[in-house]
Amino acid sequence: MIDKKIKLGISTCLLGENVRYDGGHKLDRFLTDTLGQYVQYVPVCPEVECGLPVPRESMRLEGNPDSPQLITSRTKQDMTDRMAHWAKRRVVEIEGEDLCGFIFKSDSPSSGMERVRVYNEKGMPVKKGVGIFARMFMEHFPLLPVEDEGRLHDPELRDNFIERIFTLMRWREVITKKESRGNVVDFHAKHKLLILSHSPKHYQTMGKLVARAKDLPLKEFYWQYQTLLMESLKLNATPKKNANVLQHMMGYFKEQLSADEKKELLEVIEVYRKCHTPLIVPITLVQHYVRKYDQSYLKEQIYLNPHPLELQLRNHV
Ligand code: SF4
């Protein structure tokens, strides 16, 4: 079980620091008070760190949405090179922080990770841009989980992000140990059902990769496994995929269940699949049978034994 805090990068203004152009902040209580109990934040404010004052003139993205310029709104100064020059150095510095993810401030021309307004020459915005720093960060760390505070208000996206950062943390513990195929195989064995709940396709591919681990150079095996792991968790675990995992688990103790128990469990899974109850309901019943019938393989599954914070997440419909 994880005992040290997960390190996450975060846009500084989300922590309540007065770094915004107008001297204000964008404190997000879920991030500071709830998630903050489990993580250690590494704050980054691109605009202040690249040398701009507080308060300052507001900025916006202009031009081609794929490679926009960062322009001050009133005096029309181009800040793109200044920001890009600083960001190039900063992302290399951040490598040393061992981050498990980053939470960006939405809609910001510097920090927004998607759908940031980009203005054309007629002054009309399209919501297709990425903030200058956010883009460079994501290009530098393509596998790191990233979200913005707006998207994290959606329970499904929040669950997914938190599962990803905790899984990455557990994976980092594997890679700090001496390299061995056995360590990856152990990790995979415990995460199989979690992976299945996100992507049946990756579950298959990763199973095959692990089976032919001996045929690959060790570094290549680690790299391929890590890439597939992060790719799989990027895909959201939906009620349909979770119901599939729950039924799969039922197969492990089906023979021991009475007809009534079987019927009840199938009903509970079905009610969940139709989104009438939260995931925690069928999970709790499955956990009960896993204990009752002492199912050793399932007992080890992270899917059934996540971190307490991950567990709380399964409470929404
Ligand atoms: S959105 Fe980004 S650049 Fe703007 S104040 Fe927040 S951290 Fe700084």
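To keep things clear, this report deals only with the structure shown in the data block.

**As for the overall build of the protein chain**
When you go through the protein chain residue by residue, the secondary structure sums to 13 helices and eight strands. Taking the principal axes of its C-alpha atoms as reference, the protein chain extends roughly 75 × 45 × 35 Å. Taking all 317 residues of the protein chain together, 50% fall into the buried category. Here the protein chain displays about 15600 Å² of accessible surface, and carbon together with sulfur accounts for 51% of that area.

**Section: the site of the ligand**
Taken together, 13 residues sit near the ligand, with Cys13, Cys45, Glu47, Ser108 and Ser111 positioned nearest. Among the residues making up the shell around the ligand, the classes are represented as five nonpolar, four polar and four charged.

**So, the nonpolar core**
Judged by nonpolar contacts, the single largest core of 88 residues is most densely connected at Ile103, Phe133, Phe137, Tyr225 and Phe253. Top contributing element to this core by residue count: helix 5 (residues 155-176), with eight residues. What tyrosine 225 contacts, discounting residues up to four positions off in sequence, is Trp171, Val184, Phe187, His188, Ile195, Met206, Leu209 and Val210.

**Notes on the sheet that holds strand 7 (residues 125-129)**
Spatially, four strands are ordered 4-3-6-7 in an open sheet, and the strand pairing comes out mixed. Where the open sheet ends on each side, the last strands, each with one partner, are strand 4 (69-72) and strand 7. Put simply, the sheet's adjacent strands are angled 55 degrees from each other on average, direction ignored. Where strand 6 (residues 116-119) meets strand 7, four bridges bridge the pair, whose relative direction is antiparallel. Looking at strand 7, one finds that tyrosine 119 is bridged to proline 125.

**Side note on the sheet that holds strand 5 (residues 102-104)**
What the four strands build is an open sheet, ordered 2-1-5-8; its pairing is parallel. Either end of the sheet is taken by a strand with one partner, and the two such strands are strand 2 (39-44) and strand 8 (146-148). The mean inter-strand angle of the sheet, taken between neighbouring strand axes irrespective of direction, is 25 degrees. Of the pairings in the sheet, the one linking strand 1 (residues 6-11) to strand 2 comprises six bridges and is parallel in character. Within the sheet, the bridge partner assigned to glycine 9 lies in strand 2 and is valine 42. Along the sheet face, helix 5 touches strand 1, strand 5 and strand 8 and points at about 135 degrees away from the line of strand 1.

**Looking at the packing of helix 6 (residues 181-198) against helix 7 (residues 200-211)**
With their axes 8 Å apart at the nearest point, helix 6 and helix 7 run at an angle of 160 degrees to one another. With respect to each other, helix 6 and helix 7 are oriented roughly antiparallel. When the axes of helix 6 and helix 7 are compared, the crossing they make is left-handed. Note on element contacts: helix 7 touches helix 6 through Pro200, His202, Tyr203, Met206, Gly207 and Val210, opposite Val185, His188, Lys192, Ile195, Leu196 and His198.

**Focus on the packing of helix 10 (residues 259-273) against helix 11 (residues 280-292)**
Each pair of packed helices can be described by the angle between their axes along with the distance between the axes. Relative to each other, helix 10 and helix 11 sit at 150 degrees, their axes nearing to 8 Å. Considered as vectors, helix 10 and helix 11 are oriented roughly antiparallel to each other. For the pair helix 10 and helix 11, the crossing hand works out as left-handed. Together, Glu261, Glu264, Leu265, Val268, Ile269 and Tyr272 of helix 10 and Val281, Pro282, Leu285, Val286, Tyr289 and Lys292 of helix 11 make up the contact between the two elements. For the contact of helix 10 with helix 11, the residue count by class is nine nonpolar, no polar and three charged.

**Some remarks on the pairing of strand 3 (residues 59-62)**
For a regular strand, side chains alternate in direction, first toward one face of the sheet and then toward the other. Relative to strand 4, strand 3 runs antiparallel, the two being bridged by four bridges. Looking at the pairing, arginine 60 lines up with isoleucine 71 of strand 4. With two bridges joining them, strand 3 and strand 6 adopt parallel strand pairing. Pairing of leucine 61 across the sheet is with valine 118, part of strand 6.

**Digging into the packing of aromatic side chains**
Throughout the structure, instances matching the rule amount to 17 aromatic pairs. Judged by centre distance (4.3 Å) and plane angle (25 degrees), the rings of phenylalanine 102 and phenylalanine 104 are stacked. Residue classification places phenylalanine 104 among the buried residues on the basis of a relative accessible area of 0%. Following the ring pairs from residue to residue traces out a cluster consisting of Trp86, Phe102, Phe104, Phe133, Phe137 and Phe141.

What counts as what
Residues numbered from 1 in each chain as written. Predicted model: local features only at pLDDT ≥ 70, side-chain atom pairs only at ≥ 80, totals over all residues. Heavy atoms only, no water. Helix = DSSP H or I, 4+ residues; strand = E, 2+ residues; numbered from the N terminus. Buried < 20%, exposed > 50% of the residue type's maximum accessible area, 1.4 Å probe, protein only. Areas by Shrake-Rupley, 256 points an atom, 1.4 Å probe, with all protein chains shown as cover. Near = heavy atom within 4 Å. Nonpolar A, V, L, I, M, F, W, Y, C, P; charged D, E, K, R; others polar. Core = buried A, V, L, I, M, F, W, Y, C linked by side-chain atoms within 4.5 Å. Contact = heavy atoms within 4.5 Å. Pairing = 2+ DSSP bridges. Axes fitted to C-alpha atoms, helices over the stretch in contact; angles between N-to-C directions. Parallel < 35°, antiparallel > 145°, perpendicular 65-115°, else oblique. Left-handed = near helix turned anticlockwise from the far one by under 90°. Phe/Tyr/Trp six-rings, centres within 6.5 Å; stacked < 30°, edge-to-face > 60°.

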